[in-house]
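Examination of the molecular architecture
So the chains spell out like this:
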Amino acid sequence: MTPLAERIGRLIEASGPIGVDDYMALCLFDPTHGYYSTREPFGAGGDFTTAPEISQMFGELVGVWVCQAWQSASAPSPVTIAEIGPGRGTLMKDVLRTLGRLDPSLVRNANFALVETSPRLTEVQKRTLDGSGTEIAWHASIEALPPAPLILVGNELFDALPIRQYVKTAAGWRERVVGLDRDGQLAFMAGPGAPDEALLPPDAVGASEGAVVELAPARTALMEAIAQRLADNGGAALFIDYGYLEPHTGDTLQAMRRHEYDDVLARPGEADLTAHVDFFALASVARSRGLTASLTTQGDFLLGMGLLERAGALGANGGETLRERLTGEVERLAGPDAMGELFKVLEIAASKRQ
Ligand code: SAH
């Protein structure tokens, strides 16, 4: 049993089962035993590999998007260029290098910021970006960013935010909770709480017993804060994550450890926990604040931003080994059987004000 499993067990003994959202929040963000507080999750030696860690081309194309988004917003100055949930800081490093080539004056004049909740990862990001030659500010929340037009990016952020689950029982939909079974082990069960039926996806009507629905108030709240900021100050944001475009029933909560799926309840604090992102819900929040929102797949987004051309340019001066590596990276990032279709891209923007 992990130290966090013992603590959660004692908590449940003392005050009853906890929601899946509280379980996720403890597993990921507990300051002493939480996954992001204690682990180095990223890369070959970690538990999972994200797009910026797969290839520099990912961050370069996001950098091209940043430049275009800034121009589409009528090139405001001052402007804040920020990333939320930066992990090791690799994406921002590649974005900065690209912006430096595309528009050095933008790099000189923009304010760069990273929004990160984990003090440990903040230190890792500082080390990664140490030699970038650009001043960067760190903030713990969106609200702390300076009140200026904002160009914001976030990769694999929303999947890490806690979700709630509801399970269909003979008595109707009930909140799915984490309690203790007869052997004192963590186990899923149906709690007394019921969801607001208006929030359930269309296929929840007529779902059979045992079906699971996911709602994510924490994601909605974060998206509301971001959308409000863009509505107030102008700008645009880009979010990339795995998830779905149409809401539907299904249990997508998953644990990853050393690049393999793990039991969600087996090793709290030692495995990464995520759930697929409901992009329809995020886009709806942005639209309700008067922003434009468009959705696509990671494959279509990257190809549209010039992935093949960038791979060709990088490979032009190298040998066969380099070209094979780049082809492999293109396939992983954009291939339909790799990340190309599972990962979705949400672009939101404030309508231009004169
Ligand atoms: N974007 C990185 C890391 C993804 S992991 C990459 O693609 O490699 C998720 C990141 O989001 C971590 O850095 C985690 O600490 C951070 N995070 C989680 N919740 C957050 C929140 N509410 N605000 C800002 N950062 C958050």
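To keep things clear, this report deals only with the structure shown in the data block. (Residues numbered from 1 in each chain as written. Predicted model: local features only at pLDDT ≥ 70, side-chain atom pairs only at ≥ 80, totals over all residues. Heavy atoms only, no water.)

**Points about a negative patch on the surface**
Where like charges cluster on the molecular surface, the negative patch consists of Asp-300, Glu-331, Asp-337 and Glu-341. Structurally, Glu-341 can be placed in the loop between α13 (320–334) and β16 (343–349). Residue classification places Glu-341 among the partly exposed positions, given a relative accessible area of 48%. (Patch = residues over 30% accessible without salt bridge, like charges linked within 9 Å, V, L, I, M, F, W, Y side chains within 5 Å. Areas by Shrake-Rupley, 256 points an atom, 1.4 Å probe, with all protein chains shown as cover. Salt bridge = Lys/Arg side-chain N within 4 Å of Asp/Glu carboxyl O. Lys, Arg positive; Asp, Glu negative; His and termini not counted. Charge placed at Lys NZ, Arg CZ, Asp CG, Glu CD. Helix = DSSP H or I, 4+ residues; strand = E, 2+ residues; numbered from the N terminus. Buried < 20%, exposed > 50% of the residue type's maximum accessible area, 1.4 Å probe, protein only.)

**Thoughts on the sheet that holds strand β11 (residues 254–257)**
If you walk across this open sheet you meet the three strands as β12-β11-β13, and the pairing is antiparallel. Unpaired on one side and paired on the other, β12 (260–262) and β13 (272–274) mark the two borders of the sheet. Adjacent strand axes in the sheet meet at a mean angle of 40° when their direction is disregarded. Two elements, β11 and β13, share three bridges in a ladder whose sense is antiparallel. Paired with Gln-254 across the two strands is Thr-274, which belongs to β13. (Pairing = 2+ DSSP bridges. Axes fitted to C-alpha atoms, helices over the stretch in contact; angles between N-to-C directions.)

**Description of the site of the ligand**
In the neighbourhood of the ligand, 19 residues make up the surrounding shell, with Thr-50, Gly-85, Gly-87, Glu-116 and Asn-155 lying closest. Contact distances for the ligand include 3.0 Å between an oxygen atom and a backbone N or O atom of Gly-87. Between the ligand and Glu-116 there is a distance of 2.5 Å, counted from an oxygen atom to a side-chain nitrogen or oxygen. Taken by itself the ligand offers 570 Å² of open surface, and the protein chains cover 94% of this. For the shell around the ligand, the residue count by class is 10 nonpolar, six polar and three charged. (Near = heavy atom within 4 Å. Polar contact = N/O pair within 3.5 Å; in protein donor to acceptor, adjacent residues only side chain to side chain. Nonpolar A, V, L, I, M, F, W, Y, C, P; charged D, E, K, R; others polar.)

**With respect to the pattern of salt bridges**
Under the counting rule described, the total for this entry stands at 12 salt bridges. Its salt-bridge partner being Asp-262, residue Arg-267 comes within 2.8 Å of it at the nearest N-O pair. Residue classification places Arg-267 among the partly exposed residues on the basis of a relative accessible area of 29%. On the basis of relative accessible area, Asp-262 is assigned to the buried category, the value being 18%. Sharing partners across several salt bridges, the network here consists of Glu-60, Asp-94, Arg-97 and Arg-310.

**Remarks on the nonpolar core**
Val-62, Trp-65, Val-66, Leu-99, Phe-112 and Ile-151 are the most contacted members of the largest nonpolar core, which totals 43 residues. Residue contributions to this core peak at nine residues, all from helix α5 (residues 56–72). With near-sequence residues (within four places) excluded, Phe-112 lies in contact with Ile-81, Met-92, Leu-96, Leu-99, Val-107, Thr-134, Glu-135, Ile-136 and Ala-137. Core analysis: the second largest hydrophobic core is formed by 29 residues, Val-115, Leu-145, Phe-239 and Ala-283 among them. (Core = buried A, V, L, I, M, F, W, Y, C linked by side-chain atoms within 4.5 Å. Contact = heavy atoms within 4.5 Å.)

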